[in-house]
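# Close look at the chain arrangement
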Amino acid sequence: MQKLLQLFLVLVLGTVANQSFAALDIGDVMVEGSNAIAIQVSGASGELDAMAHQAFAAHGAYRRVTSGGAFEIRFSSVGANQVNVQVIKGGSVILNQNANGTSTRNAFYRAADAAVKATSGLNGFFAAKLAFISNRTGKDEVYVGDLFMGEVKQITRDNAFALTPRWSPEGSRLIYTSYFKSGFPDIYLINLANNDRTKFASFQGTNSGARFSPNGLKVAMVLSGEGTPEIYSAPASGKPVSRLTRSDAVKSSPCFSPDSSRIVYASEPGPQLYIMSASGGGSQRVGGGLGSYCAEPDWSRADPSKIAFTFRDGSRFQIAVLDLKTGQSKKVSKAVYDGVEPNWLADGRHLIYTARAAGSRALVILDTESGRTVRLGNISAEKASVWGPQ
Amino acid sequence: MNLSKKLFIVLACTLVVFTGCLKKPQRPSVEQTMGGQGTGLNPSDVSGLTDASAATLTSRGDGVIETEDMIKGLLKPVYFDFDKSNIKEGERAKLQAAKEYLEQHPEHRLLLEGHADWRGTAEYNLGLGDRRANAAKSYLGKIGVTATKNETLSKGSLEAKEKGTSEEMSNDRRVEIIILKK
């Protein structure tokens, strides 16, 4: 049942401050469903107030009002790296909590996540971390930052192509593909605590698409060392490597199920999506017949029945969600150019993706239920993955 | 000498055989499983779950190719159709020319560098570039060029031109044939 009351398409061309993005007209899609929760948000300082409005404007379960909301959510700084949140309903305080973080900004996001849980029942995701590729220096490098692209740190300075940095489940390492040093695509593991980098897979051919299993025991990846790009897995130590697929078709983007027992991946022809056991064996085609090109699956850990993926939609690309309970897929993004590279957030409802146009890349957050889409930060960013919050 | 401009390539090919069962189990290919089950997941249909086969992969060596040891542009690139990796009839003369070049310069080798246009998705395009490079290598093998004379490399859509015409985009669907002097 379509319950949308209002739909505003706000073109942000000309309002994006960063000149490097002047060419990209992404378009925030501000949608408010009739079931969005009306809230009044405020921060005791200008900084907290701005962050509170930015965060809740990006959350599709809420609409911000100036009076008469179902909840009033107030943030205040109560100490170094500590933020208090009060949630008031009908005059009585239903939540009064101090959240600690690695900074005031991080503490705010943790406090806001507590407020989301208290008012909607959904898992909070504001305190998530991103790893992504940016070419802001002119070369592709790996960066990490918070969900709203604050506290961004440049991790690599390799002056080499790099792809898909993905978090280890505990959030201390990144596994990614780089042409660093060898000039060929190899898989590396970065320890974020000391920026130590080790080679994870370096076989003849292409080594790419590495992802940890949610239980941290395995890594799935794509290797072409035996001819065709096939799906392989290895223990987190890197050896021994096991081949999981065998056919004359290009495979890409393996992603584990939340319980680490299965893997979804894309394969020619098409490509289309397939699911197999994490130890290999027969593959089952999935996807619900949406489009001739389905790729880049991301299996939600919060809702194991949902897989987000990229599909060709006419001459463009958009994000869809496959519901494993019904077997049906549904288009969820309204990217002005392309929407690619989806990654679920912790509530199993929102995801981030790359808004892509010729020469431009930006990350956006999408509520797959209401369609609300908001750009994250204003630096060029793509090929992202999400960690946490935990 | 600028380190960042160096390309490394295999000098010593160490055959690494990882442990596992030697008997490779038969399992249905993707093509065989494609037709049915188009809608949704039916876990009871998943079969043969236990036996991941042994992998025979060759590790990349630590050898180096200096930029000055590469000759680009002398041999013409092989072009491909959209989302395809077969060598078109009209492109075969370019691989024949590469073969003849190697016969005249037996000390040289080739780097077959696969590319894709920027449409599609980055990870799949990496696979497509890989497949194109291997299609060129395989064709060279068929006309008598020893496999050890070619190295393959996929750059996927990483170097693709994004603000071009459709003709410029079709130029991205190619395999560059780069001569390696060592």
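Residues numbered from 1 in each chain as written. Chains lettered and ligands numbered in written order. Predicted model: local features only at pLDDT ≥ 70, side-chain atom pairs only at ≥ 80, totals over all residues. Heavy atoms only, no water.

### Some words on empty space enclosed by the protein
Residues and elements named next belong to chain A. By the definition in use, this model includes 4 cavities of 30 Å³ or more. Taken as a whole, the largest cavity holds about 120 Å³ of empty space. The wall of the largest cavity is formed by 13 residues, among which Thr164, Arg166, Glu296, Glu341 and Asn343 lie closest to the centre. Of all the elements, strand β27 (residues 338–344) adds the most residues to the lining of the largest cavity, at 3 residues. When the residues that make up the lining of the largest cavity are grouped by side-chain class, the tally is 4 nonpolar, 3 polar and 6 charged. (1 Å grid on protein atoms, 1.4 Å probe; cavity = no way out; pocket = protein on both sides within 12 Å on 5 of 7 lines; lining within 4 Å. Points joined across faces, edges and corners; volume = space filled by probe spheres on them. Helix = DSSP H or I, 4+ residues; strand = E, 2+ residues; numbered from the N terminus. Nonpolar A, V, L, I, M, F, W, Y, C, P; charged D, E, K, R; others polar.)

### Notes on the domain arrangement of chain A
Residue and element names in this part refer to chain A. Splitting chain A by domain gives domain 1 (2–29 + 126–387) and domain 2 (37–120). The C-alpha-based centres of domain 1 and domain 2 are spaced at 30 Å. The partner domain 2 presents 17 residues to the 15 residues of domain 1 that form the contact. Together, the buried faces of domain 1 and domain 2 total about 1,300 Å²; carbon and sulfur atoms form 56% of this surface. On the domain 1 side of the interface with domain 2, the three residues burying the most area are Phe126, Phe148 and Arg372, jointly 50% of the side's total. Our count for the domain 1 to domain 2 interface comes out at 1 salt bridge. One salt bridge in this structure joins aspartate 146 and arginine 105, with 2.6 Å as the shortest N-O distance. There are 9 residue pairs in polar contact (both at pLDDT 80 or more) connecting domain 1 and domain 2. Of the residues belonging to the side of domain 1 that touches domain 2, the class tally is 6 nonpolar, 3 polar and 6 charged. (Domains from an automatic or database assignment. Contact = heavy atoms within 4.5 Å. Buried area = accessible area lost by both parts, 1.4 Å probe. Salt bridge = Lys/Arg side-chain N within 4 Å of Asp/Glu carboxyl O. Polar contact = N/O pair within 3.5 Å; in protein donor to acceptor, adjacent residues only side chain to side chain.)

### With respect to the pairing of strand β16 (residues 218–223) of chain A
Residue and element names in this part refer to chain A. In terms of burial, β16 is a largely internal element, 5 of the 6 residues being buried. As judged from the 4 bridges shared by strand β15 (residues 207–212) and β16, these two strands associate in the antiparallel manner. When the bridges of β16 are listed, asparagine 207 appears paired with leucine 223. Where β15 folds back on β16, the antiparallel hairpin that results is connected by 5 residues, among which glycine 216 adopts a positive phi of roughly 80 degrees. Note that β16 and strand β17 (residues 230–235) share 6 bridges and pair antiparallel. (Buried < 20%, exposed > 50% of the residue type's maximum accessible area, 1.4 Å probe, protein only. Pairing = 2+ DSSP bridges.)

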